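If you want the building blocks of each chain, they are given just below.
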Amino acid sequence: MNSGIDLQGSFIQSLKELGLPADLAKALWIPLPLFLMIIGATVGVLVSVWLERKISAAAQQRIGPEYAGPLGVLQPVADGLKLVFKEDVIPAKADKWLFTLGPVIVVIPVFVSYLIVPFGQNLVITDLNVGIFLWITLSSVTPIGLLMAGYASNNKYSLLGGLRAAAQSISYEIPLALSVLAIAMMSNSLSTIDIVEQQSGLGILGWNIWRQPLGFLIFWIAALAECERLPFDLPEAEEELVAGYQTEYAGMKFGLFYVGSYVNLVLSALVFAILYLGGWEFPIPLEGLASWLGVSETTSWLQVITASLGITMTLLKAYFLVFIAILLRWTLPRVRIDQLLNLGWKFLLPVSLVNLLVTAALKLTFPVAFGG
Amino acid sequence: MNLAAGVQIVSFVILAGMMLGAALGVVLLSNIVYSAFLLGLVFISISGLYILLNADFVAAAQVLIYVGAVNVLILFAIMLVNKQEEFYTIPKRWIRQGATGLVCVGIFALLGTMILITPWSKATTLPFSVVENTIIEIGKHFFSDFLLPFELASVLLLMAMVGAIIIARRDFIPESMARQETISTPLTLPERPRELASSTASED
């Protein structure tokens, strides 16, 4: 267990050496990770929009965006600019305040959830005790924004879409939380850092995906439903509801919903990577390799390499999951609303309870393998 | 006063003001949908106060349970019910209002006395240890000195769950109980007639 790179400490130290008081140095540090988080999340959205367009095109034997930048990588930027410059229409009989506030409430919790995503031992904005619980908590706020948007649009399709979105996200939150609980039970902590630490040491063999074969499937299904990705995109099912709660939205307000859904997708993929795929861990245990080669853990170049490798591994795992989500979108048909709710309440909920029970039993029987 | 203390005081004032304003809005606004949304704001401000008190788990649980579940359910109920009802005066309505007032004053008096008789000065003078991991401390208390309330709460939740399943599966309840409820006395609440409830429940 080494301290690794401490960016905050060295930043504050260097400012102090310049002659600034300690409080001011700390206050100057505070906005930096926040901006980094917002920029990182936005770039993540741009990348996943581009991936979505390209992979969808490949799945349908098209080429997809091609002219904006090399391989069309600037296409999402063009999309975003278009949305910014479009007229911001508020329907005449809509409720102006709630109509504006709805998308904001949908987007903010998703961005705040990035607080707990670790990219390395010290590469996390805050290492909270409640960690992963904060993510579940914040994702439960989103339905309020959806209901608000649906109600304020003064349109029956919007209202139905909002109600469907809220019903769906309440139903799938429970299996999601129960499968996270099984992980928390094995790692004796809710902190995301501890969850990854508990999977480290054995490389790919130590990842939770082997210990929770049922849990990771439940988590993935529930996470797709929370993100309203295609097998479960009932709230905006275009054949039935035009565009659900987004029907009346245009311009950047629609853009906020769009950004929010993609940020949520990337975030869910990141959380999946942390919980089940060992977070920033390399498939081969790097610490063991370093000690076998005779390099000390505290060597600075080794720490830089492990940190950058950690960020790369986390992003690779997350974008692999995004890729799977996009493939699922073009592979599976949409479920009906009654099938969706039946699956959530009558199948996933009992199965995740059984998973929790089995995990508890295994933890008592084999404390070595299941984190006693 | 250093930076941290200043930030704490400013955020306390903002949160308290937000909470009181939103709570007044819940009571005073005539549009019930606004009231429901403002209720969510009240809950979020309370969770902010919990964070100021270093109770991170309680704050998160507050948002999850009250905003994510209770408030969404309230909104759901408001938006699904589209019932136009005739307003007619109930004889002796003042009994109902008086009973409500009595309960509210009673709760206010109880909480007020609790605040007044609690020795707050002890909390600031005692060298209280900073709790490193709140979840572990909460768990220890649940299974030692707060065992009975904890178990009682879980039994209560189990009862509520069994009740919900029974109500959802109408076939457990004999249909002969159906009868028309009329509002006659000030102490009966308006209820949906039974046969209407059973016909909507059997649709899903």
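Each residue is numbered by its place in its chain's sequence as written, counting from 1. Here every chain gets a letter starting at A, and every ligand a number starting at 1, in the order they are written. Restriction of local features to residues with pLDDT of at least 70 applies here, the model being predicted, together with a cutoff of 80 or more for giving and counting side-chain atom pairs; totals for whole chains, interfaces and linings are based on all residues. The basis for every side-chain value is the complete set of heavy atoms in the structure, and neither hydrogens nor water enter the calculation.

Per an unreviewed UniProt entry, chain B is named NADH-quinone oxidoreductase subunit J, and its organism is Gomphosphaeria aponina SAG 52.96 = DSM 107014. Recorded in UniProt under Sequence similarities (unreviewed entry), the annotation for chain B is "Belongs to the complex I subunit 6 family." UniProt positions are given in the numbering used here, feature names are shortened, and annotations may be inferred rather than shown by experiment.

Chain A appears in an unreviewed UniProt entry as NAD(P)H-quinone oxidoreductase subunit 1 from Gomphosphaeria aponina SAG 52.96 = DSM 107014. Quoted verbatim from the Sequence similarities (unreviewed entry) heading of the UniProt record, the comment on chain A is "Belongs to the complex I subunit 1 family."

Time to look at the overall build of chain A. Under the DSSP-based scheme used, a helix requires at least four consecutive residues in state H or I and a strand at least two consecutive residues in state E, with every element numbered from the N terminus. Assigned secondary structure in chain A consists of 16 helices and zero strands. Our radius of gyration looks at C-alpha atoms and nothing else; its globule reference is 2.2 Å times the residue count to the power 0.38. Since a compact globule built from 372 residues should have a radius of gyration of about 21 Å, the 22 Å found for chain A is in line with a globular shape. With the C-alpha coordinates aligned to their principal axes, the bounding extent of chain A is approximately 70 × 55 × 45 Å. The buried share of chain A, reckoned over its 372 residues, is 49%. When contacts within chain A are restricted to residue pairs at least 6 apart in sequence, those whose partners lie at least 24 apart make up 78%. Accessible surface area values rest on a Shrake-Rupley calculation with a 1.4 Å probe, where residue burial reflects the displayed protein chains alone. Surface exposure of chain A reaches about 17400 Å², of which carbon and sulfur atoms provide 72%. Counting rule for charge: Lys and Arg are taken as positive, Asp and Glu as negative, and neither His nor the chain ends is counted. Every charge is mapped onto a representative atom, which is NZ of Lys, CZ of Arg, CG of Asp or CD of Glu. Positive and negative side-chain charges in chain A, numbering 20 and 25 respectively, have mean positions lying 7 Å apart. Relative accessibility under 20% of the residue-type maximum defines a buried residue, over 50% an exposed one, and the middle range a partly exposed one, all with a 1.4 Å probe and only protein chains included. Note on contacts: a residue pair is in contact if any heavy atoms of the two residues lie within 4.5 Å.

Looking now at the packing of helix H3 (residues 56–80) of chain B against helix H6 (residues 134–142) of chain B. Residues and elements named next belong to chain B. Only the contacting stretch of a helix is used when fitting its axis, a line to C-alpha atoms as for every element, and angles between N-to-C directions run 0 to 180 degrees. Two numbers describe how H3 lies on H6: the axes approach to 8 Å, and their chain directions differ by 85 degrees. Judged on the interaxial angle alone, H6 and H3 are roughly perpendicular. Where H3 abuts H6, its residues Asp56, Phe57 and Val58 lie against Thr134, Ile135 and Ile138. For the contact of H3 with H6, the residue count by class is four nonpolar, one polar and one charged. When an angle is under 35 degrees it counts as roughly parallel; over 145 it counts as roughly antiparallel; between 65 and 115 it counts as roughly perpendicular; any other value is oblique. Side-chain classes follow a simple rule in which Ala, Val, Leu, Ile, Met, Phe, Trp, Tyr, Cys and Pro form the nonpolar group, Asp, Glu, Lys and Arg form the charged group, and the remainder, Gly included, forms the polar group.

Residues and elements named next belong to chain A. Phi is positive for glutamine 61, which is not a glycine, with a value near 55 degrees. On the secondary structure map, glutamine 61 appears in the loop between helix H3 (31–59) and helix H4 (75–85). For glutamine 61, a relative accessible area of 75% puts it in the exposed group. The backbone of asparagine 188 sits at a positive phi, close to 55 degrees, despite the residue not being glycine. Relative to the assigned elements, asparagine 188 resides in the loop between helix H8 (156–187) and helix H9 (192–199). With relative accessibility at 48%, the residue asparagine 188 sits in the partly exposed group.

When the parts of a complex come together, some accessible area is lost, and that lost area is often taken as the interface size. Counting residues at the interface gives 24 residues for chain B, matched by 23 residues for chain A. By buried area we mean how much accessible surface two parts lose on assembly, using a 1.4 Å probe and totalling the loss over both. Across the chain B/chain A interface, buried area totals approximately 2100 Å², and carbon plus sulfur atoms make up 79% of it. For this analysis, a salt bridge means a side-chain nitrogen from Lys or Arg found within 4 Å of a carboxyl oxygen belonging to Asp or Glu. For the interface between chain B and chain A, the tally reads zero salt bridges. Under this definition, polar contacts are N or O atom pairs within 3.5 Å; protein pairs additionally need one hydrogen-donor-capable and one acceptor-capable atom, and for neighbouring residues in sequence, both atoms have to be side-chain atoms. The tally of links from chain B across to chain A stands at two residue pairs in polar contact (both at pLDDT 80 or more). Residue assignment for the side of chain B that touches chain A shows that the elements contributing at least two residues are helix H2 (32–52), H3 and H6 of chain B. The dominant element in the side of chain B that touches chain A, judged by the number of residues it contributes, is H3 of chain B, at 14 residues. A per-class count over the side of chain B that touches chain A returns 16 nonpolar, six polar and two charged.

Residues annotated by UniProt as "transmembrane region" (unreviewed entry) correspond here to residues 28–51, 97–120, 132–153, 256–280, 300–328 and 340–362 of chain A. The straight-line gap between the two end C-alpha atoms of residues 28–51 of chain A is 36 Å; of that span, 96% is helix and 0% is strand.

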